[in-house]
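If you want the building blocks of each chain, they are given just below.
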Amino acid sequence: MDPFDAGAGGILRQPKAVWATAGASVVAFMGIGLVDPILPSIAKGLDATASQVSLLFTSYFLITAIAMLVTGFVSSRIGGKRTLLLGLALVVVFAGLAGTSGSVGELVGFRAGWGLGNALFVSTALAVIVGAAAGGSAAAILLYESALGLGMACGPLLGALLGDASWRYPFFGTAFLMAVGFLCITAFLKEQPKPARKTSLLDPLRALGHGGLASAAVSSFFYNYTFFTVLAFTPFVLDMTPYKSGAVFFAWGVLLAVFSVFAAPRLQERFGSLKVLGGSLVLLALDVLVLGYGNHTAAIVCTILSGAFIGVNNTVYTELALGVSDAPRPVASAGYNFVRWFAAAAAPFFAPKIEEWTDVHVPFVVAAVTAVLGALVVVVRRKALTHDAEELEPKHAVEDSVAVFAN
């Protein structure tokens, strides 16, 4: 059955509860790249350095990483709807407070609270959509994946459009949109049944005792350092107006979404997961080297092009993480994300520091090295990573990609 079929059970004929949750999910994913095009404006407005402003990512993802151990614990006890509303409420409060910040320290702190709310919401949204959707999980997963891609692509664009007037407006805009989402979910979503088994805080850590899952997490840690060097540090290198920077990262997000959903499964089917992942990591390393040492035009092109490699990597890592061990998918996903999000917190902090200690090129050299290290882990640990993971059918790539990003 075509999931886009407008008939019963198609993606276009879903209950209001599903559309309300999917719409809020778009805004939640927008929050990841929202600040990208306005980082230089924030630095100027708050008289802060690039390294200080980059802490907006560090605080956000550090809390997100830690929250991976908490979200399953919370949702298995209070239910999906209450977890969604709690996450949305935290985002509304802290995004609104972020817009009132008088110093970069306040903004970093409010961004951390935002990260906690976003983690609670995003980790629960997929399960809620699947549970409330008509026509089975296929259409629901495609709808959620579309929300993910749309949010990742449009976050920088919204940040640019509102941030051109003031760096504060994107934060107020996000708070407003999430408040609308809160009201819609309150009105249209019924409480979802609680899982039969409550999740322990230590379950994700126990899952990392599996060698294959630990290998995937470590390799992804190195890769995510590269990923978030591009996302958090490149705007300072490009040094463009919010509009132009937003356009660059919008194109980056479009490539990320397209290659994650459509290109990666086809490449895996033809070449195999580990070969695709190793090759994509090496190409990403070369891409960031050219980004760091090329002229301004080359930096723009390589920033956009990196979205293709990042999209492929995200999908393949997801399959490895969810298929390599016998742990339940939500638990394996939480353990994997607990490790990799620490790199997302580290890269925005260290990249500008490395520039201060050396020059603007070296952060990209480090990012290239970490991408290669990720590939080396894949090569050295290929036997552990191949077990069970290669048995996954490519058709499951989209479903697994959503699940690991969400948990």
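First, a word on what this report is: a plain description of the structure on this page. None of the values given here were measured: they were computed from a predicted structure.

**Details of the overall build of the protein chain**
Within the protein chain one finds 17 helices and 0 strands. Taking all 407 residues of the protein chain together, 59% fall into the buried category. Taking the contacts inside the protein chain whose residues are at least 6 apart along the sequence as the reference set, 86% of them involve residues at least 24 apart. Accessible area of the protein chain: about 15,400 Å², with a carbon and sulfur share of 68%.

**Describing the pattern of salt bridges**
Under the criterion given, the structure shown has 1 salt bridge. Between D203 and R206 there is a salt bridge, with its nearest N and O atoms 3.0 Å apart. Pair noted here: D203 and R206 are both in helix α9 (residues 203-207), with a separation of 3 residues, about one helical turn. On the basis of relative accessibility, which here comes to 54%, the residue R206 falls in the exposed class.

**Considerations on the packing of helix α10 (residues 211-238) against helix α15 (residues 362-380)**
Where α10 meets α15, the axes come as close as 8 Å, and the angle between the chain directions of the two elements is 160 degrees. Overall, the two elements α10 and α15 adopt an arrangement that is roughly antiparallel. Seen along the crossing, α10 lies across α15 with a hand that is left-handed. Every residue of α15 that contacts α10 at S215, V218, S219, F222, Y223, Y225, T226, T229, F233, T234 and V237 is listed here: P363, F364, V366, A367, T370, A371, L373, G374, V377 and V378. Residue composition of the contact of α10 with α15, grouped by class: 14 nonpolar, 7 polar and no charged.

**Some remarks on the nonpolar core**
One finds I42, V53, F61, F121, F171, I185 and W252 to be the most contacted residues of the largest nonpolar core, which totals 113 residues. Contact partners of F171, with chain neighbours within four places excluded, come to V35, I38, I42, A95, G96, A98, G99, L107 and W114.

**As for the environment of R111**
Locating R111 in the fold gives a position in helix α6 (residues 104-132). In this structure R111 comes out as buried when scored by relative accessible area, which is 1%. The spatial distance from the C-alpha of R111 to the C-alpha of F171 is 9.9 Å, given a sequence separation of 60 residues. Beyond its immediate chain neighbours, meaning those up to four positions away, R111 contacts G31, I32, V35, L56, S59 and Y60.

**Focus: the environment of L286**
In this fold, L286 is placed in helix α12 (residues 273-293). Put simply, L286 and C302 are 16 residues apart on the chain and 9.6 Å apart in space, counted from C-alpha to C-alpha.

**Considerations on helix α8 (residues 169-188)**
Here α8 spans 28 Å end to end across 20 residues, near enough to the 28 Å set by a 1.5 Å rise per residue. Residues P170, F171, G173, T174, A175, M178, G181 and I185 constitute the buried set of α8.

**Looking at a nonpolar patch on the surface**
Taken together, L157, L161, Y243, F250, V254, V258 and F262 make up a surface patch of nonpolar side chains, about 580 Å² in accessible area. Only α7 (137-163) and α11 (242-271) provide two or more residues apiece to the nonpolar patch. Looking at the element boundaries, V258 is found in helix α11. Take V258: its relative accessible area is 36%, and that puts it in the partly exposed class.

**Quick word on the packing of aromatic side chains**
The full count for this structure, using the stated rule, is 17 aromatic pairs. Seen in terms of ring centroids, Y60 and W114 are 6.4 Å apart; in terms of plane orientation they differ by 80 degrees. Their pairing is edge-to-face. Placement of Y60 in helix α4 (residues 55-78) and of W114 in helix α6 is noted, with a sequence separation of 54 residues between them. Y60 sits in the buried class, given a relative accessible area of 1%. For the pair F61 and W341, a centre-to-centre distance of 5.1 Å together with 15 degrees between the ring planes defines the contact as stacked. With F61 in helix α4 and W341 in helix α14 (residues 329-357), this residue pair connects regions lying 280 residues apart in the sequence. For F61, a relative accessible area of 2% gives the class buried. Look at W341 and you get buried, because its relative accessible area is 5%. A cation over a ring is seen here: R111 above Y60, with NZ or CZ 4.1 Å from the ring centre. Residue placement shows R340 over the ring face of W341; its charged tip is 4.4 Å from the ring centre.

**A look at α10**
With 28 residues, α10 ought to run about 40 Å at 1.5 Å a step, and its terminal C-alpha atoms sit 40 Å apart, in line with that. The largest bend in α10 comes to about 40 degrees, at A232, with the proline P235 one to four residues further on. In terms of residue burial, α10 counts as a mostly covered element, since 22 of its 28 residues are buried. Just beyond α10, the residue with positive phi is D239, at close to 50 degrees.

Criteria and cut-off values
- Residues numbered from 1 in each chain as written.
- Predicted model: local features only at pLDDT ≥ 70, side-chain atom pairs only at ≥ 80, totals over all residues.
- Heavy atoms only, no water.
- Helix = DSSP H or I, 4+ residues; strand = E, 2+ residues; numbered from the N terminus.
- Buried < 20%, exposed > 50% of the residue type's maximum accessible area, 1.4 Å probe, protein only.
- Contact = heavy atoms within 4.5 Å.
- Areas by Shrake-Rupley, 256 points an atom, 1.4 Å probe, with all protein chains shown as cover.
- Salt bridge = Lys/Arg side-chain N within 4 Å of Asp/Glu carboxyl O.
- Axes fitted to C-alpha atoms, helices over the stretch in contact; angles between N-to-C directions.
- Parallel < 35°, antiparallel > 145°, perpendicular 65-115°, else oblique.
- Left-handed = near helix turned anticlockwise from the far one by under 90°.
- Nonpolar A, V, L, I, M, F, W, Y, C, P; charged D, E, K, R; others polar.
- Core = buried A, V, L, I, M, F, W, Y, C linked by side-chain atoms within 4.5 Å.
- Expected span 1.5 Å × (residues − 1).
- Patch = residues over 30% accessible without salt bridge, like charges linked within 9 Å, V, L, I, M, F, W, Y side chains within 5 Å.
- Phe/Tyr/Trp six-rings, centres within 6.5 Å; stacked < 30°, edge-to-face > 60°.
- Lys NZ or Arg CZ within 6 Å of the ring centre and 35° of its normal.
- Bend = angle between axes of the 7 residues up to and from the residue.

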